[in-house]
Structures are given as C-alpha cells and as structure tokens.
Amino acid sequence: MATHRNGFVQVRGAREHNLKNVSLQIPRDALVVFTGVSGSGKSSLAFGTLYAEAQRRYLESVSPYARRLFHQMPVPVVDTIDGLPPAIALQQQRSSPTTRSSVGSVTTLSNLLRMLYSRAGTYPKGQALLYAESFSPNTPEGACPQCHGLGRIYDVTEKSMVPDDSLTIRERAIAAWPTAWQGQNLRDILTTLEFNVDIPWKKLSKKDRDWILFTDEQPTVPVYAGFNPEEVKEALKRKMEPSYMGTFTGARRYVLHTFANTQSALMKKRVSQYMLSTECPTCMGKRLRRESLSIKFAGYDITELSRLPLKKLSGIFNSYADGTATLDQKVAKDHQEKVLVAQRIAEDLVARLRVLMDLGLGYLSLERSTPTLSPGELQRLRLATQVHSNLFGVVYVLDEPSAGLHPADTEALLKVLDLLKSSGNSLFIVEHELDVIRHADWIVDVGPAAGERGGEILYSGPPEGLKDIENSRTGRHLFDDNVFTPLNPRKPHDWLQLKSVSRNNLVDLDARFPLGVLTSITGVSGSGKSSLVSQVLVELVAAHLGHELPQEEEEQDTLQQENVVTIGGKITGGMEKIKRLVQVDQRPIGRTPRSNLATYTGLFDHVRKLFASAKAAKARHYDAGRFSFNVGKGRCDNCEGEGFVMVELLFLPSVYSPCPVCNGSRYNAKTLEIKYREKNIAEVLAMTVDEAHEFFTEDESVKRSLYVLQEVGLGYIRLGQPATELSGGEAQRIKLATELQRTGRGNTLYVLDEPTTGLHPADVEKLVTQLNRLVDAGNTVIVVEHDMSVIARSDWVMDMGPGAGEEGGHIVAEGTPIHVANSKESKTAVYLHRELKLSRLI
C-alpha cells in the first residue's frame, strides 16, 4: 500500500455525462483503478473530469496560438478539484493514419539509431560524414530519390488500364477513364481527333494506343455531342458551331493526377486499382539513398537493423553496451570517440528496449508502421516512452492498458506501472481486468449500473473494503469467484482441417478446428492467433463459400497500405458442414456521425414505421422516410440532419455547437410534432437501449432487438449515439447483436477477435451466454481471447506460442480447458489452471 504523503485529489460536484453530482477524494502517488460496468461513468470521471481539468489548467498557461496545436477536451462540469497535479493521458485510440509513422518514430528509438549510424557507423573508404537526418526516409537528405522514401514505385501500364482489349473505346475498353459524362466527353474528343472508337482496342495501331494512354499533350478541340463519326467529319468540314470545346487528357495522366489530387477517398480507391506497385529498384525497398545504406553497424545497414524484432535488437546492443563487442579494430584505434559514442547510445537503446520487452512488445520491429498495430499495442508503446522520460509528480491517466494482453504480459505491465509509481507519479487507470484491479492501492467503483442507472460512487478506498459493498458488481467478481455456472465441454461434431498455412510467423502449419462447439484460441500477444484465425481461416472459408470479405477502410494512401499476404494454406476437410461465415471484428460500424446503433442494427426501420403509423402522421401523409435525419423532407434544413453546426474561432480549434434551429434534435419542427406514446422521434433516439426496452413494451420486433443489445452488455448506449463515438469493442458487440437477432439457420461459422475488450466481468457473463446460445442453435463459434473466464468455459482451447513473433507460430497445446491447463509447454496453462481452480471447475 502506497503512503499518501502528498495527500489527496479532492473532487466536488462532478456532473460530467451521467455523473450524479459526485464528490470523492483520491490518493496521489498511488495506483488508483476506476472500475464499474461499461457505461457506469468511470471514463467520465477519469478522462472527462480529472484529465480534462488538468489539461484545461495547463492550456490556460500557454498562448492562444499554441492551444490550437492541442486536441482540446471540453471543459468538465465540476464544482472544484483540489490537489490535481499535471496529467498525461494514454488513451486507447485507433492507430495514426500515416504509414510513415512507425514503432521507431513513436518510441523515438529511430532517432537514436540514426545518431548511432551517423557518429559510430562503419563508413566505406572515402565516404563523407552523413548527419542523422540522412538516415531518415522522411527527409530530403535521406529519402531515396526514385521512390521519395516510400520503398515502392507506382505506375500504370496498358494492361492495367485496358483489362479487356477485345472491347472498343465506345464499349469502355479504357476502364481507367472516368465513367459517366467525363468518359463520354473523352470519347467524343477522340472522335473529333479522328481516332476510331468503334473497333476493338487491340486492332488500333500501337502508336495510336500509346498516344491515347500515355500522352501528356492536352489538345482542346470542338465537340459535337451525339454526332456519329461521319457527322463529326462533316461538321468539322463545314466549320459548324460545336456543342462545346473539350480538352483531352491521356489515361495515365488522368489516373496519376486524380490519385495525387483528389479529396475523395472513393475516387482515390477507384483509380488506385489501375496503378501497379513494385519494389523500388534503386533502394530495393529500403527507402533510403545509396550513400546512407552503405554505412553499416554490427554488419547491418540501418534498414536491416530496423527490420529485426526488438528482442534481437536488444541482444545486439547489449554486447556493445557492456563492452563485450566493439567496433572494427582499425576504427577503434583511429577513432576512439566512435567507440565511446557507440557504447553510450547502445546503453540508452538497451534501457529503452528493456521497457518495451517488459511490456510484451519484443516481437515488434522498429520499421513496423503504426496503422498495423492494435490500439493496445500503440498505447503500450507510448507508455514505454513515458517510463523512460523520468517525469516526476505527474498523473498518468490510462484507458484499459491490459486490453489485448495475455495474463503473462499483464504481469509485466504491472511491473512497469509500479516503476512509474515508484518514480513519484500517480496512476489513474480505467480497467476491467481483475488482475489489474487486485493490484490497485485504491479502488474507485462507479455504478451500480450503466447510463442513467450509474454515475454514483459506490466505493472509494483500499481494495479489501469493496468486499462489503453489496450492490457492487465489481466486488462480486473480485471476491466471489464462483459466479459462472460450470459447463461440461461439448463434443465436436466434426473438424475443419487446414494444411500448410504460411502467413506472418506461421510457417507450414497444420491446424484443425472443432465444429459445433465454442473454441478459444489463446496465446501471448504476437503469437500468431489473429494471423491464423482472423486472417487465414476467414480468408480460406470465405473463398470456399464465395463470400466477399469487407475491405479494411484505412484513412491512408491506398497504395501505401502494407498488404501482408497468406503465402500458403488450404482447407482439406470439414467445409461441407459450414454454410455461412460471419466475422465479427472491431472495425467501426460507420465512419460518420450519421451512422449509429439504431441504423446499423435495422432497429431504426421498425421505429420509423411505428411513427409513420401514428394517426397524426397518416393525416399528413408522412411515410417512414419522413423520420430519417438523412432525408431532406424530415430533417432540419439548417444543419442538414447533423444536429450540430461548426463554429470557426480565430486562434482556437473549431468547435461544434448544437444547431440553434433544431437544438440538436436533427429534425424539423413539423416532424417533431408527431408523437408515439407521447415521445417524438428525437426523444426516442436520445434514449438508452435500457430505457427504450421499457418504452417499447408493445412492439415485439423492436423489443427483441433491444433485448439482444442488452444481453451483449450495450444497455447504456443511446440509440442515436454516433458511430464515431463508439469503441472497437462496442462496435463489435453491436455487430454480434445484429447477428443474434437474425433467425438461426445453423451451420454458421462465427469468428470473433477478442470480444471481451472493454467489458466488465458482469457483461462477460452475458456475452458467454449469448455465444453458447449460438452453439446450441447448431453453429460453430471461434474466439481469439485472453479473458480466462471465457477460455475456462469454452469446449475446446487451442494455445498458440510458445512466445511472440519468431518465437511463436506453433500450436503448443489443444484440447478441453482442463487438458490445456495441465500442459507443461503452454504459457497460458498456469493462468487457466488458476481460473479453473478459482471457479471450482476442477
């Protein structure tokens, strides 16, 4: 237990979101965990109140101009907060969208490495000294001149732009050209230029084909819309007045110009399919100038070193830090300062790498781009950077740092958090993981339930005191371990067999998945679970069924996305028992505030029909479309159904304020006059799932949808809550609920990747019940999971490992939970054994 020598943070009258005017005191210099079910108000207290106030106080001290550089949180609704130190927030967030951001840049390790190569690298004879920036692909001094530091070059070819050369230009042989009017315009221009647009493309001369596709000329010529070639010739001869003057653009020029300049992600995606990406021949994909790549350290150029797993990198630098390895003898003799520089930088690198390895990230490489990391991995990278910054007297506010972590990695995380605390800092952590909660010096339990039924402080004090709080769901799980009913593992009906799978760290792996049961795939972070299940298994089954998989929508250059491909793998048996595949992942359910829980689940269609059937609506001839905020007739004209308007502020970030016309309701006044059971459509959208379930007692289909949403732990979410405000875990559970409310067909394979992310143990119970319901209906459920309570209640467990990255990729143990719990090779076994024992399942 920490000594609270510097006293407490005193909070009085916090009313942010659903907090009910709460007051409490929280110790400093301690590890404080905020607990409670999803939606109880934990984040509103930790982030919306404490962190937001700390940030506001800091920003008061900087110039208005500098404030623009910060992502400012709204000012919290609270009376007073005393004794609050400066705060740093480490939140779960989607990776930064640029592929130029990497593990090396987030942790600043790449900067150290560049300095090392500049000052202590082995230079070829006669090579002048290069400064650190010459080793970065993001600077003019370092970037390869041919690919501009991307490592790949992009071009278009005749084959890519004209996939079917038996078509004529009129039949859209040039697929890369725009469709609709602009495509017609370019064909008309070619007719004026006396090209034959009615013979197959392959019958045109090479000279003509090359000019049409690759010319940079842009002639402007008269266009006679709707004329055939003969009529155009005649019109030109007579010098007739044209419909308009049209300017020609070659197909390659159109593709490259559109890709470089369009603001539309859809247009960029469309033209990118005609561009071919190949490894840059100058730098061989290494992104740097030849001069930079000619300098070596420990026998590697800087890119080769950046591609090694951090664990291997640590081994290399260890020997330089402790002096067992040294630079080339001649270099050491002639340049004593290089030896010193190498040792100093190696010592610093080793210290920083140690923290990353303690956080279970030793399988990553410095070159790995941040968009390919999970939110949990990115948060831990940023945490490692903070540990090394040696700040003192700061509050770190963390958002579920254990998300996506195996219990073995959670232990390492706790050691790192203890290190931050012992350096004189306070840690305020929003967390559901029982191991982290048990480790706390102080617990703030918020509840008792979610949304309107939460927002109270049930308990604030040392962990053992929570035992006496009767209405605490956290206390029940923390101290009464026998909360789940034991399950007798079901026997598999058959097996889905995969052979010779190769992807990422999986090499020529054979695997089999039991059908008709609930299977958990386990293993430390980076062991190959997601590669095997969420990628290879899903791809192979989808291909077999002829399903189209949804494309990952990343807000980044389409061509810069790193496409990791499955090198090998095939299904050798069991597919005859699978009729349908459902992948329930954590991708957003929508990219704009117009998408929400009600629209995604189809619930909104039922609700709009109910409003349209009201007497007043019928009298006015309002149909269901009138009650959509995405359609002109029913929505507010001022904000076009957004509910808010943007206000530009000089020197400050733009702010969004409720629309002054509809007061944020999104609808026009006439639409809001229609009531269903005394509520208008905007009031219904403002209800939480729990409130709506009580409200729609008379409508079975709406009630059923709402019941399923409650059962996956989403009772606290508002029906109209924008998709952009939902976490990955919430989005995944909305997708699961949408599936669950469909009529069961059986023979479906459900694949879920860490469905318990962001869930309180009380909601995990509900989730397991729903997954079992799917299995009982004749389906197969496979979950990638770290939560031991889910794993212990599975029918079958497949444990991957033994380690991460190169040390993983194997199936270490498989069988019933009890069988895997007794495995000697498995890193999961010890934690699974403990869970089974605690839950009295063994």
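Residues numbered from 1 in each chain as written. Predicted model: local features only at pLDDT ≥ 70, side-chain atom pairs only at ≥ 80, totals over all residues. Heavy atoms only, no water.

- In the annotation of an unreviewed UniProt entry, the entry for the protein reads UvrABC system protein A, and the organism field reads Flavihumibacter solisilvae.
- Taken directly from UniProt, the Subcellular location (unreviewed entry) text for the protein runs: "Cytoplasm". (UniProt positions renumbered as here; feature names shortened; annotations may be inferred.)

1. A look at the overall build of the protein
Thinking step 1. What the protein contains, in helices and strands, is 32 helices and 24 strands.
Thinking step 2. For the protein, whose C-alpha radius of gyration is 31 Å, the value lies close to the compact-globule estimate of 28 Å for 842 residues.
Thinking step 3. Each principal axis of the C-alpha atoms in the protein carries an extent, and together these give about 100 × 95 × 65 Å.
Thinking step 4. Burial statistics for the protein: of 842 residues in total, 54% are counted as buried.
Thinking step 5. The long-range fraction of contacts in the protein, counting pairs at least 24 apart against all pairs at least 6 apart in sequence, stands at 69%.
Thinking step 6. Accessible surface, the protein: about 38,000 Å² in total, of which carbon and sulfur atoms supply 51%.
Thinking step 7. Across the protein, the 99 positively charged side chains and the 100 negatively charged ones have centroids separated by 2 Å. (Helix = DSSP H or I, 4+ residues; strand = E, 2+ residues; numbered from the N terminus. Rg over C-alpha atoms; globule rule 2.2 N^0.38 Å. Buried < 20%, exposed > 50% of the residue type's maximum accessible area, 1.4 Å probe, protein only. Contact = heavy atoms within 4.5 Å. Areas by Shrake-Rupley, 256 points an atom, 1.4 Å probe, with all protein chains shown as cover. Lys, Arg positive; Asp, Glu negative; His and termini not counted. Charge placed at Lys NZ, Arg CZ, Asp CG, Glu CD.)

2. Details of the sheet that holds strand β1 (residues 8–14)
Backbone hydrogen bonds are what pair the strands of a sheet, in a parallel or an antiparallel way.
Thinking step 1. Pairing is antiparallel across the open sheet formed by 3 strands, whose spatial order is β2-β1-β4. The two strands at the open ends of the sheet, each matched to only one other strand, are β2 (22–27) and β4 (80–82). For this sheet, the mean inter-axis angle between neighbouring strands, taken without regard to orientation, is 5°.
Thinking step 2. Of the strand pairs in this sheet, β1 and β4 are connected by 3 bridges, and their pairing is antiparallel. Looking at β4, one finds that Val-11 is bridged to Ile-81. (Pairing = 2+ DSSP bridges. Axes fitted to C-alpha atoms, helices over the stretch in contact; angles between N-to-C directions.)

3. Topic: empty space enclosed by the protein
Thinking step 1. Applying the stated criterion across every chain, the model contains 4 cavities of 30 Å³ or more.
Thinking step 2. Space inside the largest cavity adds up to approximately 590 Å³.
Thinking step 3. Around the largest cavity, the lining comprises 36 residues; the ones closest to its centre are Glu-433, Leu-434, Asp-787, Met-788 and Ser-789.
Thinking step 4. Listing elements by their share of the lining of the largest cavity, those giving two or more residues are α17 (407–422), α18 (434–438), α29 (761–776), α30 (788–792) and α32 (829–838).
Thinking step 5. In this structure, the lining of the largest cavity is formed jointly by two domains, domain 1 (8–94 + 369–460) and domain 4 (481–588 + 744–841), each of which donates at least three residues. (1 Å grid on protein atoms, 1.4 Å probe; cavity = no way out; pocket = protein on both sides within 12 Å on 5 of 7 lines; lining within 4 Å. Points joined across faces, edges and corners; volume = space filled by probe spheres on them. Domains from an automatic or database assignment.)

4. What to know about the domain arrangement of the protein
Thinking step 1. One can read the domain layout of the protein as domain 1 (8–94 + 369–460), domain 2 (103–146 + 288–359), domain 3 (154–279), domain 4 (481–588 + 744–841) and domain 5 (593–725).
Thinking step 2. Relative to domain 4, the C-alpha centre of domain 3 lies at a distance of 49 Å.

5. What about the sheet that holds strand β10 (residues 395–399)?
Thinking step 1. As summarised here, the arrangement of the 6 strands in space is β5-β10-β11-β3-β12-β13, forming an open sheet in which the pairing is mixed. The open sheet terminates on both sides in strands that have one partner only, identified here as β5 (87–90) and β13 (456–461). On average, each strand axis in the sheet is tilted by 15° relative to the strand beside it, whichever way the strands run.
Thinking step 2. Both strand β3 (residues 31–35) and strand β12 (residues 442–447) contribute to a ladder of 4 bridges, which runs parallel. Bridge pairing in β12 places Val-33 opposite Ile-443.
Thinking step 3. On top of the sheet, helix α1 (residues 42–60) reaches β3, β5, β10, β11 (426–430), β12 and β13; it is set at about 135° to β5, its chief contact.
Thinking step 4. Lying on the sheet, α17 is in contact with β3, β10 and β11; it crosses β11 at an angle near 145°.

6. A closer look at the packing of aromatic side chains
Thinking step 1. With the rule as written, the count across this model stands at 20 aromatic pairs.
Thinking step 2. Between Trp-177 and Phe-248, the aromatic rings sit 5.9 Å apart at their centres with planes inclined by 80°, giving edge-to-face as the arrangement. Placement of Trp-177 in the loop between α5 (158–161) and α6 (180–192) and of Phe-248 in the loop between β8 (244–247) and α9 (251–261) is noted, with a sequence separation of 71 residues between them. Just as Trp-177 is buried, Phe-248 falls in that class too.
Thinking step 3. An aromatic cluster is present here, built from Phe-611, Tyr-622, Phe-627, Tyr-676, Phe-695 and Phe-696 joined pairwise through their rings.
Thinking step 4. Lying across the ring of Tyr-622, Arg-626 places its NZ or CZ 4.1 Å from the centre. (Phe/Tyr/Trp six-rings, centres within 6.5 Å; stacked < 30°, edge-to-face > 60°. Lys NZ or Arg CZ within 6 Å of the ring centre and 35° of its normal.)

7. What to know about the environment of Val-62
Thinking step 1. Relative to the helices and strands, Val-62 resides in the loop between α1 and α2 (64–67).
Thinking step 2. For Val-62, a relative accessible area of 19% puts it in the buried group.
Thinking step 3. In this structure the C-alpha to C-alpha distance between Val-62 and Lys-570, which are 508 residues apart in sequence, comes to 59 Å.

8. A short note on the confidence of the model for the protein
Thinking step 1. Per-residue confidence for the protein gives a mean pLDDT of 90; residues scoring 70 or more make up 94%.
Thinking step 2. Scored below 50 in pLDDT, residues 1–5 shows 10 contacts in the model against residues more than four places distant or in partner chains.
Thinking step 3. Ignoring residues within four places in sequence, the model shows residues 552–558, a span with pLDDT below 50, making 17 contacts including any to other chains. (pLDDT = per-residue confidence, 0-100.)

9. Here's the deal with the packing of α9 against helix α10 (residues 265–272)
Thinking step 1. Running from amino to carboxyl end, α9 crosses α10 at an angle of 145°, the nearest separation of the two axes being 9 Å. The element α9 and its partner α10 pack so that their crossing is left-handed. Between α9, through Tyr-254, Val-255, Thr-258 and Phe-259, and α10, the contact on the second element is made entirely by Met-267, Lys-268, Arg-270, Val-271 and Ser-272.
Thinking step 2. Looking at the contact of α9 with α10 residue by residue, the class counts come to 5 nonpolar, 2 polar and 2 charged. (Left-handed = near helix turned anticlockwise from the far one by under 90°. Nonpolar A, V, L, I, M, F, W, Y, C, P; charged D, E, K, R; others polar.)

10. Topic: unusual backbone geometry
Note: most peptide bonds trans; most residues except glycine with negative phi.
Thinking step 1. With an omega dihedral of 5°, the bond running from Gly-447 to Pro-448 counts as a cis peptide bond.
Thinking step 2. Its location among the elements puts Pro-448 in the loop between β12 and β13.
Thinking step 3. Here Gly-801 and Pro-802 are connected by a cis peptide whose omega angle stands at 0°.
Thinking step 4. By secondary structure assignment, the location of Pro-802 is in the loop between β23 (796–801) and β24 (810–815).
Thinking step 5. Backbone geometry at His-17 places phi at a positive 50°, although glycine is not the residue there.
Thinking step 6. Relative to the elements of secondary structure, His-17 occurs in the loop between β1 and β2.
Thinking step 7. Classification of His-17 as exposed rests on a relative accessible area of 67%.
Thinking step 8. Positive phi values are uncommon outside glycine, yet Asn-504 reaches one of about 50°.
Thinking step 9. Assignment of secondary structure puts Asn-504 in the loop between β14 (494–503) and β15 (506–515).

11. Structural notes on α9
Owing to its 3.6 residues per turn, the α-helix aligns residues three or four sequence positions apart on the same side.
Thinking step 1. Where α9 is concerned, the buried positions are Ala-251, Tyr-254, Val-255, Thr-258 and Phe-259. For α9, the angular spread of the buried residues around the axis is 120°, confining them to a single face. Opposite its buried face, α9 presents the exposed residues His-257 and Ala-260, each directed more than 90 degrees away.
Thinking step 2. Packed against the buried residues of α9 are α5, α7 (206–214) and α10. (Arc of directions from axis to C-beta.)

12. Observations concerning a nonpolar patch on the surface
Thinking step 1. A cluster of nonpolar side chains, Tyr-58, Leu-69 and Phe-70, forms an exposed patch at the surface whose accessible area comes to about 340 Å².
Thinking step 2. Along the chain, Phe-70 falls in the loop between α2 and β4. (Patch = residues over 30% accessible without salt bridge, like charges linked within 9 Å, V, L, I, M, F, W, Y side chains within 5 Å. Salt bridge = Lys/Arg side-chain N within 4 Å of Asp/Glu carboxyl O.)

13. So, α6
Thinking step 1. With 13 residues, α6 should reach 18 Å at 1.5 Å per residue; the first-to-last C-alpha distance of 19 Å fits that figure.
Thinking step 2. Every buried residue of α6 is accounted for by Gly-183, Asn-185, Leu-186, Arg-187, Asp-188, Ile-189, Leu-190, Thr-191 and Thr-192.
Thinking step 3. Here the buried face of α6 lies against α7, β7 (220–223), α8 (229–237) and β8. (Expected span 1.5 Å × (residues − 1).)

14. Some remarks on the environment of Gly-121
Thinking step 1. Inspection of the secondary structure assignment puts Gly-121 in the loop between α4 (109–120) and β6 (152–155).
Thinking step 2. Relative accessible area serves as the criterion here: at 0%, Gly-121 is assigned to the buried category.
Thinking step 3. Along the backbone, Gly-121 and Pro-309 are 188 residues apart, and their C-alpha atoms lie at a distance of 20 Å.
Thinking step 4. Contacts of Gly-121, omitting those with residues within four sequence positions, involve Leu-116, Ile-295, Lys-296 and Lys-338.

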